[in-house]
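Structural overview
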Amino acid sequence: MSAEETDKALVARARDGDRRAFDLLVLKYQHRVQRLIARYIRDQEQVFDLAQETFIKAYRALGRFRGDSAFYTWIYRIAVNTAKNQLASDARGGYMVSLNSGGSDESDEPMIEPEALRDGGTPDALAATEELRTAIDQAISALPEDLRTALTLREMEGLSYDEIASVMDCPIGTVRSRIFRAREAIEQSIKPLKGA
Amino acid sequence: MSKQYANNPETLRHAISAWWDDEPLDDKTLDAMLGDIGQVRCHAGAYECIGSRIRGESFLTRNLLDGINERLDELPDAEHRNRGDRGSVVAFPSRAVRQRRVWQGAIAASLFAAVTAVGLTVSLSEDPAAEGVAPMQAEGLTENDRAVMASLNEQAMPEGVSPATVRPEQSTVGKAVPASSSPAGAAQLPDWATGQSSRGADPYVVTHYRTAAPEFGTTGPEARAATFGRE
């Protein structure tokens, strides 16, 4: 089953009462949803709250998801509407969010750079973030060339396994294995830092 | 979790990595992932970190799963059970039904107004006193004639004027019909009564006819005088 079909199967299970199926959907899309909302909302805590609200709304509306569109399209739409409603509510309350024209390719909607999710905060948090970055960079540098290439094509360029297989001239199974091994190696190197 | 994934955890991690990259999965793999959400959560967090660093994005997205589950636990049980169906939603009537009701109301109001108007018109146009008015007398004297003559005799009645038919028990204003006269007396009509008088109509006749028969008020004494003449 394709990714879209997998999502629909998860929606069907969640609709039947399997909360773990909805958990999988949250795990997969929560970061993308937060980044999307962060393009509308500056306040970091508000971004988290609205992302959470987005999934609550989606869960309550699962019965109305007909599967005409992909699940991620549906959840993105809910996220954008939730963010816009928040902006409208803030404007009514006298709190105006300064918006830059982000030049979105989808519409002329004003959007902001996702400053809310810029790394920062306390000095300790900054130090931990920097340490994590360094560890990942070092782990990537230490990867064999074929693993690093496969992972970079996937994460940086967003290519599918099929496309990567064409670029690297190898079977899809090999691409799948290379990407997995690259992740395993990096994960091992950052595991001590993840808890912090 | 299926036996395959239980015996080989690396196979499940392999599947999680592919799932994270939107690659196809089979039902068994999906079941295995659903059977070990904790492991999926752990690896998904690491993969998110790695991808964010490669793309130059922030690490500051947060794992919202716990918060979302807490919120979902607070939802009413009924909502959980009824999720997927519409529940007990009371539907608004359709637009056609609402329009039909508006039209029915408008038609009913129009009918009521029309019936009321017709009823008022009929009741106002009825003149119950006229039912008791005696028909004009062409010959002889009726009791009314005699009563009028008796009342007129108390005043100076012009010579040759026939008495009007009135209802003796009621006021003559607005009740009497135009005068009738005896054919025998027509030859004795004075000039003012036949319209040949150069002095104009007799004020008594004008007053009497205009008050006793307002529907003839516009015709003037001359017309009535002509009527007298024909009679």
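Across its full length, chain A carries eight helices and zero strands. The N-to-C order of helical and strand elements in chain A reads α-α-α-α-α-α-α-α. Buried positions account for 45% of the 196 residues belonging to chain A. The long-range share in chain A, meaning contacts at least 24 apart out of those at least 6 apart in sequence, stands at 58%. Per element, the accessible surface of chain A, about 9,800 Å² overall, is 47% carbon and sulfur.

With that settled, consider the overall build of chain B. Within chain B one finds eleven helices and zero strands. Scanning chain B from its N terminus toward the C terminus, one meets helices and strands in the order α-α-α-α-α-α-α-α-α-α-α. Counting all 231 residues of chain B, 35% fall into the buried class. Within chain B, contacts between residues at least 6 apart in sequence are counted, and of these 50% link residues at least 24 apart. On chain B, roughly 14,200 Å² of surface is accessible, and the fraction owed to carbon and sulfur atoms is 55%.

If you look at the interface, chain B gives 56 residues, while chain A gives 64 residues. Summed over both partners, the interface of chain B with chain A comes to about 5,900 Å²; 58% of that surface belongs to carbon and sulfur atoms. Put simply, chain B and chain A have 13 salt bridges between them. The salt bridge partner of A:Lys28 is B:Asp22, with a shortest N-O separation of 2.7 Å. Seen at the junction of chain B and chain A, the total is 25 residue pairs in polar contact (both at pLDDT 80 or more). Listing elements by their share of the side of chain B that touches chain A, those giving two or more residues are helix 2 (9–20), helix 3 (27–34), helix 4 (37–55), helix 5 (65–74) and helix 6 (77–82) of chain B. Looking at which element gives the most residues to the side of chain B that touches chain A, the answer is helix 4 of chain B, with 16 residues. Within the side of chain B that touches chain A, the residues separate by chemical class into 24 nonpolar, 14 polar and 18 charged.

This paragraph deals with the pattern of salt bridges. Per the stated rule, a full pass over the model turns up 22 salt bridges over all chains. Of the charged contacts, one joins A:Glu53 and B:Arg71 as a salt bridge, the two residues approaching to 3.0 Å between their closest N and O atoms. Separated into two different chains, A:Glu53 in helix 3 (residues 44–60) and B:Arg71 in helix 5 make up a pair that spans both. For A:Glu53, a relative accessible area of 27% translates into the label partly exposed. What makes B:Arg71 partly exposed here is its relative accessible area of 28%. Shared partners join several salt bridges into a network, and the residues in it are A:Arg35, A:Arg154, A:Glu155, A:Arg183, B:Asp21, B:Glu48, B:Arg55 and B:Glu57.

Trans is the common state for peptide bonds, and a negative phi is the common state for residues other than glycine. Its identity is not glycine, yet A:Asp169 carries a phi of approximately 55°, on the positive side. Here A:Asp169 falls in the exposed class, since its relative accessible area comes to 69%. Non-glycine residue B:Asp22 carries a positive phi angle of around 65°.

Moving on, we get to the side chain of B:His43. Considering the arrangement of structural elements, one finds B:His43 in helix 4. In this structure the side chain of B:His43 is engaged in a polar contact, spanning 2.9 Å, whose partner is the side chain of A:Glu187. Apart from residues lying up to four places away in sequence, B:His43 is in contact with A:Glu184, A:Glu187, B:Arg13 and B:Ile16.

Moving on: the confidence of the model for chain B. All names here are of chain B. Of all residues in chain B, 45% attain a pLDDT of 70 or more, and the chain-wide mean is 69. The spread of mean pLDDT over the elements of chain B runs between helix 11 (residues 220–230), the lowest at 49, and helix 4, the highest at 91. The low-confidence segment residues 84–93, where pLDDT is below 50, has four contacts with residues more than four positions distant or belonging to other chains. Among the scores for the predicted complex, ipTM is 0.85 and pTM is 0.58.

Each value, and the rule that gives it
Residues numbered from 1 in each chain as written. Chains lettered and ligands numbered in written order. Predicted model: local features only at pLDDT ≥ 70, side-chain atom pairs only at ≥ 80, totals over all residues. Heavy atoms only, no water. Helix = DSSP H or I, 4+ residues; strand = E, 2+ residues; numbered from the N terminus. Buried < 20%, exposed > 50% of the residue type's maximum accessible area, 1.4 Å probe, protein only. Contact = heavy atoms within 4.5 Å. Areas by Shrake-Rupley, 256 points an atom, 1.4 Å probe, with all protein chains shown as cover. Buried area = accessible area lost by both parts, 1.4 Å probe. Salt bridge = Lys/Arg side-chain N within 4 Å of Asp/Glu carboxyl O. Polar contact = N/O pair within 3.5 Å; in protein donor to acceptor, adjacent residues only side chain to side chain. Nonpolar A, V, L, I, M, F, W, Y, C, P; charged D, E, K, R; others polar. pLDDT = per-residue confidence, 0-100.

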